[in-house]
Amino acid sequence: MATYLEFIQQNEERDGVRFSWNVWPSSRLEATRMVVPLACLLTPLKERPDLPPVQYEPVLCSRTTCKAILNPLCQVDYRAKLWACNFCFQRNQFPPAYTGISEVNQPAELMPQFSTIEYVIQRGAQSPLIFLYVVDTCLEEDDLQALKESLQMSLSLLPPDALVGLITFGRMVQVHELSCEGISKSYVFRGTKDLTAKQIQDMLGLTKPAMPMQQARPGQPQEQPFVSGRFLQPIHKIDMNLTDLLGELQRDPWPVTQGKRPLRSTGVALSIAVGLLEGTFPNTGARIMLFTGGPPTQGPGMVVGDELKVPIRSWHDIEKDNARFMKKATKHYEMLANRTATNGHCIDIYACALDQTGLLEMKCCANLTGGHMVMGDSFNTSLFKQTFQRIFSKDFNGDFRMAFGATLEVKTSRELKVAGAIGPCVSLNVKGPCVSENELGVGGTSQWKICGLDPTSTLGIYFEVVNQHNAPVPQGGRGAIQFVTQYQHSSTQRRIRVTTIARNWADAQSQLRHIEAAFDQEAAAVLMARLGVFRAESEEGPDVLRWLDRQLIRLCQKFGQYNKEDPTSFRLSDSFSLYPQFMFHLRRSPFLQVFNNSPDESSYYRHHFARQDLTQSLIMIQPILYSYSFHGPPEPVLLDSSSILADRILLMDTFFQIVIYLGETIAQWRKAGYQDMAEYENFKHLLQAPLDDAQEILQARFPMPRYINTEHGGSQARFLLSKVNPSQTHNNLYAWGQVTLTSLQPPPLNTWQLLPCSSLL
Amino acid sequence: MNVNQSAPPVPPFGQPQPVYTGYHQSSYGGQPGSTAPPTPYGAYNGPVPGYQQTPLPGVSRAPPSSEAPPASTAQAPCGQAAYGQFGQGDVQNGPSSTVQMQRFPGSQPFGSVPLAPVVSQPTVLQPYGPPPTSAQVTAQLAGMQIGGAVAPALPPVGLGYGPPTSLASASGSYPNSGLYGSYPQGQAPPLSQAQGHLGAQPPQRSAPPQASGFTSPASGGPRMPSMTGPLLPGQGFGGPSVSQPNHVSSPPPQALPPGTQMTGPPGPPPPMHSSQQPGYQLQQNGSFGPVRGPQPNYGSPYPGAPTFGSQPGPPQPLPPKRLDPDAIPSPIQVIEDDRNNRGSEPFVTGVRGQVPPLVTTNFLVKDQGNASPRYIRCTSYNIPCTSDMAKQAQVPLAAVIKPLARLPPEEASPYVVDHGESGPLRCNRCKAYMCPFMQFVEGGRRFQCCFCSCINDVPPQYFQHLDHTGKRVDAYDRPELSLGSYEFLATVDYCKNNKFPSPPAFIFMIDVSYNAIRSGLVRLLCEELKSLLDFLPREGGAEESAIRVGFVTYNKVLHFYNVKSSLAQPQMMVVSDVADMFVPLLDGFLVNVSESRAVITSLLDQIPEMFADTRETETVFAPVIQAGMEALKTLFQPQTGAYQTLAKECVAQGCCVDLFLFPNQYVDVATLSVVPQLTGGSVYKYACFQVENDQERFLSDLRRDVQKVVGFDAVMRVRTSTGIRAVDFFGAFYMSNTTDVELAGLDGDKTVTVEFKHDDRLNEESGALLQCALLYTSCAGQRRLRIHNLALNCCTQLADLYRNCETDTLINYMAKFAYRGVLNSPVKTVRDTLITQCAQILACYRKNCASPSSAGQLILPECMKLLPVYLNCVLKSDVLQPGAEVTTDDRAYVRQLVTSMDVAETNVFFYPRLLPLTKSPIESATEPPAVRASEERLSNGDIYLLENGLNLFLWVGASVQQGVVQSLFSVSSFSQITSGLSVLPVLDNPLSKKVRGLIDSLRAQRSRYMKLIVVKQEDKLEMLFKHFLVEDKSLSGGASYVDFLCHMHKEIRQLLS
């Protein structure tokens, strides 16, 4: 199916879309029998160096319930200057600007290669980017110092006209005024009191005093006092001030007695940050960057008390319903996250501490607003420093790789409806003709808000085929989907990116082979995984696993070939061959397994899983293992304990970790210092090769993975050992060590202890 | 006096009259319908100067008698009115001839006789007065002056009369005798002031012996004589004398003499008495009757009072017998005498139950076992043994305690005793501290507590042998065994939470709202603070103050400042959540001044700038204090809005709040001051603050407030020996239980008044003991206990009680009692209660102690003879009898101030000092002798200073010599003097220097800066000034001294009958 692979790849590159099925079953019934839903992974802002945005606005279908955008799939009557909407079949007049249109003089949006096109909206005031730092001061001296340096460094990376603000918190929350000379001013709030947005704005003096009788005089532009000016200032104006201010930041001065945690008012700090932006720059791209070095310990949003003898909640506590603060805190942060999302701002969380910091409760802030979540051990690590720096990386145009306040609208042709989305988004609750009654992920709407996104942000979007079995789609019919993403570009322009795709319908009964061949098992694995993770957020772990298993079994039932009572006879076609393996690793992954992970870690992993693109997601599901040896070039090997050999160097990439593992012999050689001997230069090179490769991965990935360099018998080897399939520890019939990834053989089902395949089959 | 001087200027007065009439009218209007009369007076003035006065009073008072105006008849009515009437005075004046004058002095110790008339007719009358004053009057005046010894010019006459005055005041008995027995005596004893009247003094002094002689039973103090004395002499001399001896101001008797004189100049006392007797007898069968018949005259006058009005009252005799203001007890005289008698010798506290000199007397104290009167003053130094007695006498038993009183440089501050780890030695049962009264027994191995009689073991390390008298050998080496006042170093057990206190802190909370900025206050304050911070209180020889400082500004929100020394620039932290106050920072808020000097200076420079453009007019208050308090504690607690609760919390945290108010409108001082009040803080109020005018006053107060030595986080307990106990407390503090007075802050001006009640019988032998223990943190942060001990006598005879009272202290207590009463009762009730109590006190004396005399005589105990005048001042104070122009805020402010005043302060507050400036030679370095606070004592050719501890007036007579005007004000005439001027120009001439020096020294004596107000005679500001002439009838309806005295007499008589 090389052609399909190529097709899939092409589509991904051009449109940022990967569908689970590339030929669609033409009826609802058939579609449900396919087990894996019709869905796609959409990367709305996929970087397209070859796609210069057009400087005009899109042409919309005039039907108010449709408003689809003119696209290459539309039928155009050049003479009549009419175009037919391919979603609602409304015939539309071209706007006056299109009078010169003809077969040879087509606007870009009609050309097939512009199935994805980006418009720049010229209207409206442009507003600068806004960065609001929310900084925890209950840190160790080293950490604080490192953090301060990182923050100061970040100032130099910001565009000069960006507005910045600073809130610090510890026991109290301080909102710093940035425009004062001679004295540094800040507004202080106690960290124990939940304040409404109105109160916050009143207290910050953001609400304009009611000026009775003073009406705007005509001719004199209403003097809009730059109320936010005190707290959010253009970086170029207050660069020095802010740098000094950051430099003078002190650790929270309130004494912390032995046996206590510092009092940390994260909940209130965030609330104030949200309230501040809400009052000053609603619906303008803004980033709240929360840097915290520990769990919130007081006030609304507290996650754990300040008594050190009471540890922060674990999964065990949660299962036992023993996490006192969790529900309340979660509610607090959810409320904040929703408000933030409504205002089009996003919240990043940079949590660096050895213990948990309450990401479980706070995750929604990043998840719902499209903010980043970064977890590390300390701010004084390269993991944090480089990750943070990468936030401000720029693309080939010199623009920041960040966009704000996006709304994604999905339009479908009649046979389809949209069932939901999973990703860093919130529903905008827009009902429409193309909204399915069934929900998968966040559903019930055709529009979502993604407050913060970058070129890799990827959403899973799920569809439902609604065409009835008794009303077959005519031969050669195609279904179409249009994704319209409006967003604020980092250059502060408003832009609209439109992607319109179409796929063939096929009758599942007569053309199952077609459909089967067009299955994208990678996309399907990720989409199913997203569904699983989405469920895991709200359901018990075992239920999700059971559900996943059942889905897999059903899929195998549907597409596998086997003889009853003979497990060895089971075969899957090439387009499905890897899928079970992905599921196997998914079951073991930290996205579904909470054992040995703290709730924070689970939240962290899930956060990233729900927003990375397909490639990264696959790595997360099934880490990549490369083997380096004198026997040939580095090769990918099976993620299995049998791959661990004495004379190999292994490089494992789990997305979150990069592990370099030296086999026993290699480690001994290195210990003996052969690499330093001229005659063993090849050994030196061998040692170096995985390091270089690792470096390459480290450079590109966000967030920076944890980098682990270990060897046989090293304590850190556990990172590797915990991931590989422990086949060597069991006596079994198959020698999986010989199977390579490229052989595309299905995994041995009997290693799934929980999956009684044979009986089911 | 003024009369006297006014004489020359008479013409001028005459002219203005018309104008004045109108003026007066209006003022009188409010008073009992005298509206009609005014015009008639006008007429009178013209024609019969002499009579004018008489008519006036008569009319005003008693309409019925108004018919009288014509002549002597008029006088008669006056007599009736006597009790309250101005008429009396007038009458006297009218009739009084020079001869009379002369006699007056003799009869009436108070040289001011001539003034009397004026007195009766307050300011209003004045205008009229002058014109009428004929040559006679002037003559009288002259005489008066002499009496007063003030006027050097008239020495000859004065001399003669002067002495008597002094006598009278000094000791009733003598004067009486003097008067009646022989005028010469009267003449002889010159006032203390009267220079050179040596003769006068001797008699006075000799008096005591005589007294003792008379009253053999009374072992008593010098004043005793008056009591008993009177009787004896009285008997000897005859009725009248008796009454006089009592002194009491016996106005009637004294008045009589004058009166008699009036009628028949030569007519000496005897006739009068005789005449009176009948009248009295009628009224009272008087047990006294036989002894000395009540004088008809007297009888009538008193009855003449409104109530008695119905009585026919002997018309003719009455007129002559008016109450002569000069005949009634003069505070000035009493003060003067006490100064002369007791100012020279140190007051040694060794003897139990000694009455100390008056607060107005400068004296040194030698501590020999009892606390100095600077620390504790009692209403009585001899306590009735039983509660029945106490109830009978109605004399409140109270002590006014000023635990941290400042001492003059000559007196050493209390020794600090350090008992090390074990802490101060205390009684096991009642926890009283070791003191000189503890009795060591069993060879010194044990001691018996003098308060509860518990026998305690003496710890080994404290053991010492006893000498043959049972005294410890080391008694004189140990302050706690030999002194009345001393301090112990407290151990950690005496500290809150068992932790030694951290150094105290001052937090300056500055209003930066629009008004404060605009008025320039903020700039002024910040500027001042810069230098002021160098003068924070230090302990002993410490090089720098241990006190830390912090700054907060506020308008609608609060701004805290981090001024840590390591900062390059101050940090401001805004707290907008005023509903839930907290302190936003820990480190850097309270700093050592010298370390953070640069940052603080920078801050203070910036504050005025920062808020220069503020439009914020709203301010918050409670949160400000809340914040200040929070800053001093480390834990946060839920707050409640009520000031009361807030104050309690403040106390619990040891946070004392001082409040500087600059109201432009009603701010509800009563509410705001709750917190300072309960925390031992001070309230300062500057209405309509303007930098130009009030800056000096504010800054001065601020300086003093910041620099004064303060004790923090104090708890005071007063222990008493068995038999009495402390039951009530007055002052600025908080009490969470019934015994412990908690003071978040206590400075050297703050006073706590404690009332005692019997709960058992007292023993004459063992007396009654007080021990006031104050646990506090010194301004260096040291925890200490200050102990004051005082032993009082106990008596079974009421006479002993009355002989050992102190009127000033009594007034202090009564004022505080009444001022607290107004919170819960109508003012009228409070006033009536006061009057009743006073009447009961005096009636009890009359009944049980005074020698029998006619009921018509008012007999006052010697040491209480000023009680009526002072009480009247209390009654007519703004709090108890507010005039229309007194705002609620003002009343609340004063009420609050008085609550923690000491005796000296209440003394001058209620009876202001009035100092003539040009009477005594410019060269004399001493303060000029004061004159009585009455308009009559003002002469329009003179300049006076009046002060009451809060206000300071410079009154300029209309006909002051031009030279004087020039040298004081640097303007050429009276009319060019700016009314309301608050600063005297600095001129290089002796008079200017002297006056300014005097003003400075007056200010230095008071705890608050008194802003000077220059008042010109007949200027509209004069109304303000006259308000403080407390012997006169006040515009708000307060009785004149004379009237009140009569009223009091009436009350007493009612009680007795």
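Keep in mind that this is a model prediction, so the values were computed, not measured.

Draft legend 1. Here's a closer look at the overall build of chain B. A count of helical and extended segments in chain B gives 43 helices and 27 strands. Burial analysis of chain B (1057 residues in total) assigns 64% to the buried set. In chain B, once contacts between residues fewer than 6 apart in sequence are set aside, the share between residues at least 24 apart is 72%. Summed over all atoms, the accessible surface of chain B reaches about 36200 Å², with 54% contributed by carbon and sulfur.

Draft legend 2. View of the sheet that holds strand 19 (residues 724-730) of chain B. All names here are of chain B. Reading across from one edge, 3-5-21-19 is the order of the 4 strands in this open sheet, with antiparallel pairing throughout. Pairing within the sheet leaves two strands with one partner each, and these edge strands are strand 3 (376-378) and strand 19. On average, each strand axis in the sheet is tilted by 25 degrees relative to the strand beside it, whichever way the strands run. Pairing of strand 19 with strand 21 (residues 752-758) involves 6 bridges; the strand directions are antiparallel. The residue bridging aspartate 728 from the neighbouring strand is glutamate 755, located in strand 21. Contacting strand 3, strand 5 (397-401), strand 19 and strand 21, helix 35 (residues 807-821) runs over the sheet at an angle of about 60 degrees to strand 19.

Draft legend 3. Expanded view of the nonpolar core. Formed by 173 residues in total, the largest nonpolar core has its most connected members in Ile461(A), Phe463(A) and Phe483(A). Top contributing element to this core by residue count: helix 12 (residues 521-538) of chain A, with 10 residues. Every residue in contact with Phe463(A), bar those within four places of it in the chain, is listed here: Phe19(A), Leu38(A), Ala39(A), Cys40(A), Val410(A), Thr412(A), Leu416(A), Lys417(A), Val418(A), Ala419(A), Ile481(A) and Phe483(A). Formed by 99 residues, the second largest nonpolar core is a distinct cluster that contains Met389(B), Leu798(B), Tyr813(B) and Val965(B).

Draft legend 4. Spatial organisation of the interface of chain A and chain B. Contacts between the two partners involve 21 residues from chain A, matched on the other side by 26 residues from chain B. In total, chain A and chain B occlude about 2100 Å² of area from one another, counting both sides; carbon and sulfur atoms represent 55% of this. Where chain A packs against chain B, one counts 0 salt bridges. Listed by contribution, the elements that provide at least two residues to the side of chain A that touches chain B are strand 10 (172-177) and strand 11 (184-190) of chain A. With 7 residues, strand 11 of chain A is the single largest residue contributor to the side of chain A that touches chain B. Class assignment of the residues belonging to the side of chain A that touches chain B gives a composition of 11 nonpolar, 4 polar and 6 charged. The pairing of strand 11 of chain A with strand 14 (residues 571-575) of chain B spans 5 bridges and is classified as parallel. By the bridge assignment, Tyr187(A) is partnered in strand 14 of chain B with Val574(B).

Draft legend 5. View of the packing of aromatic side chains. Residue and element names in this part refer to chain A. Per the counting criterion, the structure on display carries 65 aromatic pairs over all chains. Aromatic pair phenylalanine 388 and phenylalanine 392: ring centres 5.4 Å apart, planes at 85 degrees, arrangement edge-to-face. The exposure classification of phenylalanine 388 matches that of phenylalanine 392, with both residues buried. Put simply, the rings of Phe131, Tyr133, Phe291, Tyr350, Phe379, Phe384, Phe388, Phe392 and Phe400 touch in pairs and so form one group of aromatic residues. When the ring centre of tryptophan 547 is taken as reference, the NZ or CZ atom of arginine 535 above it lies at 4.3 Å.

Draft legend 6. Spotlight on helix 40 (residues 962-969) of chain B. Residues and elements named next belong to chain B. Within helix 40, burial applies to Val964, Val965, Ser967, Leu968 and Phe969. On its buried side, helix 40 packs onto strand 25 (943-947), strand 26 (951-956), helix 41 (990-1005) and strand 27 (1011-1016). The positive-phi residue at the C-terminal boundary of helix 40 is serine 970, with phi of around 65 degrees.

Draft legend 7. Representation of the sheet that holds strand 20 (residues 459-465) of chain A within the structure. Residue and element names in this part refer to chain A. The 4 strands lie next to each other as 1-3-20-17, forming an open sheet whose pairing is antiparallel. On the outer flanks of this sheet lie strand 1 (17-19) and strand 17 (416-422), each paired with one strand and no other. Averaged over all pairs of adjacent strands, the angle between strand axes in this sheet comes to 25 degrees, irrespective of strand direction. Judged from the 3 bridges that link them, strand 1 and strand 3 (residues 39-42) form a sheet pairing that is antiparallel. Bridging across to strand 3, valine 17 finds its partner in leucine 42. Taken strand by strand, helix 12 contacts strand 1, strand 3, strand 17 and strand 20, and its axis lies near 95 degrees from that of strand 20.

Draft legend 8. Region of interest: the environment of Val552(B). Residues and elements named next belong to chain B. Secondary-structure assignment places valine 552 in strand 12 (residues 548-554). Using a relative accessible area of 0% as the deciding quantity, one classes valine 552 as buried. Those residues in contact with valine 552 that sit more than four places away from it in its chain are Ile507, Phe508, Met509, Ile510, Leu558, His559, Phe560, Tyr561 and Phe589.

Draft legend 9. Quick look at the side chain of Ser265(A). Residues and elements named next belong to chain A. Looking at the secondary structure, you find serine 265 in the loop between helix 5 (235-248) and helix 6 (266-280). On the basis of relative accessibility, which here comes to 0%, the residue serine 265 falls in the buried class. Polar side-chain contacts of serine 265 include one of 2.9 Å to the backbone oxygen of arginine 171.

Draft legend 10. Summary view of the pairing of strand 27 (residues 649-653) of chain A. Residues and elements named next belong to chain A. Of all 5 residues making up strand 27, 5 are buried, and the element is well covered by its neighbours. Burial along strand 27 is two-sided: Ile649, Leu651 and Asp653 facing one way and Leu650 and Met652 facing the other are all buried. Relative to strand 27, strand 25 (residues 624-629) is paired through 5 bridges, and the arrangement is antiparallel. Residue pairing in the sheet places isoleucine 624 in a bridge with aspartate 653 of strand 27. Summarising the sheet, strand 27 and strand 28 (residues 657-662) pair through 5 bridges and their orientation is antiparallel.

Draft legend 11. Structural context of the pattern of salt bridges. For the structure on display, the rule yields 66 salt bridges over all chains. With a closest N to O distance of 3.5 Å, Asp377(A) and Arg706(A) form a salt bridge. Of this pair, Asp377(A) sits in the loop between strand 15 (373-376) and helix 10 (382-391) while Arg706(A) sits in strand 29 (residues 706-711), and the two are 329 residues apart along the sequence. Between Lys1026(B) and Glu1022(B) there is a salt bridge whose closest N-O contact spans 3.6 Å. Taken as a pair, Lys1026(B) and Glu1022(B) lie in helix 42 (residues 1022-1026) at a separation of 4 residues, close to a single helical turn. Judged by relative accessible area, Lys1026(B) falls into the buried class, the value being 13%.

Draft legend 12. Quick look at the packing of helix 27 (residues 521-532) of chain B against helix 33 (residues 691-707) of chain B. Residues and elements named next belong to chain B. Packing of helix 27 against helix 33 leaves a shortest axis separation of 11 Å and a crossing angle of 35 degrees. Every pair of crossing elements has a handedness; the one defined by helix 27 and helix 33 is right-handed. Residues Leu521, Leu524, Leu525, Glu528, Leu529 and Leu532 of helix 27 form the contact with helix 33, whose own contacting residues are Val691, Gln695, Phe698, Leu699, Leu702, Arg703, Val706 and Gln707. Of the residues contributing to the contact of helix 27 with helix 33, the split by class is 10 nonpolar, 2 polar and 2 charged.

Draft legend 13. Region of interest: the UniProt feature "domain: Zinc finger Sec23/Sec24-type" (unreviewed entry) in chain A. Those residues carrying the UniProt feature "domain: Zinc finger Sec23/Sec24-type" (unreviewed entry) are residues 58-98 of chain A in this numbering. Taken end to end, residues 58-98 of chain A is 0% helix and 22% strand, and its two terminal C-alpha atoms sit 11 Å from one another.

Draft legend 14. Up close: the packing of helix 12 of chain A against helix 13 (residues 541-559) of chain A. Residue and element names in this part refer to chain A. Their axes nearest at 9 Å, the elements helix 12 and helix 13 cross at an angle of 155 degrees. Classified by the angle between their axes, helix 12 and helix 13 sit roughly antiparallel to one another. In this structure, helix 12 crosses over helix 13, and the sense of that crossing is right-handed. Note on element contacts: helix 13 touches helix 12 through Val544, Trp547, Leu548 and Gln551, opposite Met528, Leu531, Gly532, Arg535 and Ala536. Here the residues of the contact of helix 12 with helix 13 sort into 6 nonpolar, 2 polar and 1 charged.

About the criteria used
Residues numbered from 1 in each chain as written. Chains lettered and ligands numbered in written order. Predicted model: local features only at pLDDT ≥ 70, side-chain atom pairs only at ≥ 80, totals over all residues. Heavy atoms only, no water. Helix = DSSP H or I, 4+ residues; strand = E, 2+ residues; numbered from the N terminus. Buried < 20%, exposed > 50% of the residue type's maximum accessible area, 1.4 Å probe, protein only. Contact = heavy atoms within 4.5 Å. Areas by Shrake-Rupley, 256 points an atom, 1.4 Å probe, with all protein chains shown as cover. Pairing = 2+ DSSP bridges. Axes fitted to C-alpha atoms, helices over the stretch in contact; angles between N-to-C directions. Core = buried A, V, L, I, M, F, W, Y, C linked by side-chain atoms within 4.5 Å. Buried area = accessible area lost by both parts, 1.4 Å probe. Salt bridge = Lys/Arg side-chain N within 4 Å of Asp/Glu carboxyl O. Nonpolar A, V, L, I, M, F, W, Y, C, P; charged D, E, K, R; others polar. Phe/Tyr/Trp six-rings, centres within 6.5 Å; stacked < 30°, edge-to-face > 60°. Lys NZ or Arg CZ within 6 Å of the ring centre and 35° of its normal. Polar contact = N/O pair within 3.5 Å; in protein donor to acceptor, adjacent residues only side chain to side chain. Left-handed = near helix turned anticlockwise from the far one by under 90°. UniProt positions renumbered as here; feature names shortened; annotations may be inferred. Parallel < 35°, antiparallel > 145°, perpendicular 65-115°, else oblique.

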